[in-house]
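# Remarks on the overall topology
The chain contents come next:
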Amino acid sequence: MRDVGRRISELEDLVRDLDARINDAMLALPNLPHTSTPEGLDETCNVVLRHWGDPTELDFEAQPHWDLAENLGIIDFQRGVKLSGSRFYTLHGYGARLERAIISWMLDLHGGEHGYTEVALPILVRREIMEGSGNLPLFADNLYHDEEDDLWLIPTAEVPVTNLHRDEILSSDELPLCYVAHTPCFRREKAAAGRDTRGIKRVHQFNKVEMYKFVEPDTSFDELEALLGNAETVCQRLDLPYRILQLCAGDISFPSAKSYDIEVWAAGSQEWLEVSSCSNCTDFQARRANVRYRPAVGERPRFVHTLNGSGLALPRVIIAILENNQQPDGSVVIPEVLRPYTGFDTIPAK
């Protein structure tokens, strides 16, 4: 009997080891691209679907935001570096007030007109929360981590919102569940070393308003189009010219089955800047976080589909507002929809 007991213990250890290896292998597998996602290996195969507005043309020599903002005294790059190192900055005066105004206006727009429920979230999460959203284990090098407590700084509000209903069974009457959240986001940007080193286009810490949906599988691709439309509304109300790209299979994110990017035009740096990526992750994240719903009484639970989209990311919105609305004297005119929130209609030249 002792030999039998020992053999049972050995087999149990083997099963645990095999389960762990299978789990590790499964966590490394990305979602499958949807059949409507274009084929292609990288961003060169993305498809431009449409434009809104004409790229802003100024009849004077436009300044890029890093010169314009420093001349206005609203962004201080040197003090950001002094405090935290490269790819950090500080906002001052009109700059800080402008960012706060944009955040408040976007939250009110999505919560009031678009029907999202605003949530305030932790920015430090546990390891399994990062696994649920698909950020771990493969992307640990791009995340900030407190090893002692094993807590991770979020790269986007998508991470905690994905897990709000972790291990829950929702009723079909509750769906769709639509959330909007503002959080700071933290990214090490190791893959972008040496790129976009000037200004605030690519930084380690930034603010973002995120839209997120838990929906029934049959409606998820219609919900993706609605999500994209909500993000487009932000650009239109700010009068920012933009274009929509559908991402190819080689450029969609790890958990996504289908994605669109919104890029706004920046007249000073003369480039298109991504301000939102809207994705349908189908049941990929729901399986990892075990979020299910019951279609009807007595039916077996099914996994929900999850969708996410920036609504929008702040640094590049600020870049576009500054560069497109700059005046010959170096001042900047504030978009009309933001003026009730900023309390000023112009950032005056110094």
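Residues numbered from 1 in each chain as written. Predicted model: local features only at pLDDT ≥ 70, side-chain atom pairs only at ≥ 80, totals over all residues. Heavy atoms only, no water.

As recorded by an unreviewed UniProt entry, the chain carries the name serine--tRNA ligase and is attributed to Geodia barretti. What UniProt states about the chain under its Subcellular location (unreviewed entry) heading is, verbatim, "Cytoplasm". UniProt's Pathway (unreviewed entry) comment on the chain is quoted here verbatim: "Aminoacyl-tRNA biosynthesis; selenocysteinyl-tRNA(Sec) biosynthesis; L-seryl-tRNA(Sec) from L-serine and tRNA(Sec): step 1/1." (UniProt positions renumbered as here; feature names shortened; annotations may be inferred.)

Attention shifts here to the overall build of the chain. Helix and strand content of the chain: ten helices and 18 strands. For a compact globule of 350 residues, the expected C-alpha radius of gyration is about 20 Å, and the chain comes in at 22 Å, within 12% of that figure. Structurally, the chain occupies a C-alpha span of about 90 × 45 × 40 Å along its principal axes. Among the 350 residues that make up the chain, the fraction classed as buried is 48%. At a minimum sequence separation of 6, the contacts of the chain that also span at least 24 residues come to 74%. Accessible area for the chain stands at about 17,100 Å²; split by element, carbon and sulfur atoms hold 48% of it. The average position of the 35 basic charges and that of the 55 acidic charges among the side chains of the chain differ by 5 Å. (Helix = DSSP H or I, 4+ residues; strand = E, 2+ residues; numbered from the N terminus. Rg over C-alpha atoms; globule rule 2.2 N^0.38 Å. Buried < 20%, exposed > 50% of the residue type's maximum accessible area, 1.4 Å probe, protein only. Contact = heavy atoms within 4.5 Å. Areas by Shrake-Rupley, 256 points an atom, 1.4 Å probe, with all protein chains shown as cover. Lys, Arg positive; Asp, Glu negative; His and termini not counted. Charge placed at Lys NZ, Arg CZ, Asp CG, Glu CD.)

Here we come to unusual backbone geometry. That bond from leucine 175 to proline 176 is cis: its omega, 0°, falls within 30 degrees of zero. Here proline 176 is to be found in the loop between β8 (168-171) and β9 (177-186). Going from glycine 311 to leucine 312, the amide bond is cis rather than trans, its omega being 20°. In this structure, leucine 312 sits in strand β16 (residues 305-313). Although it is not a glycine, aspartate 167 sits at a positive phi angle of roughly 60°.

The next point concerns the environment of leucine 245. As for its placement among the helices and strands, leucine 245 is situated in strand β11 (residues 242-246). Each residue touching leucine 245, except ones within four places of it in the same chain, is listed here: Asn46, Val47, Val48, Ser259, Tyr260, Asp261 and Glu263.

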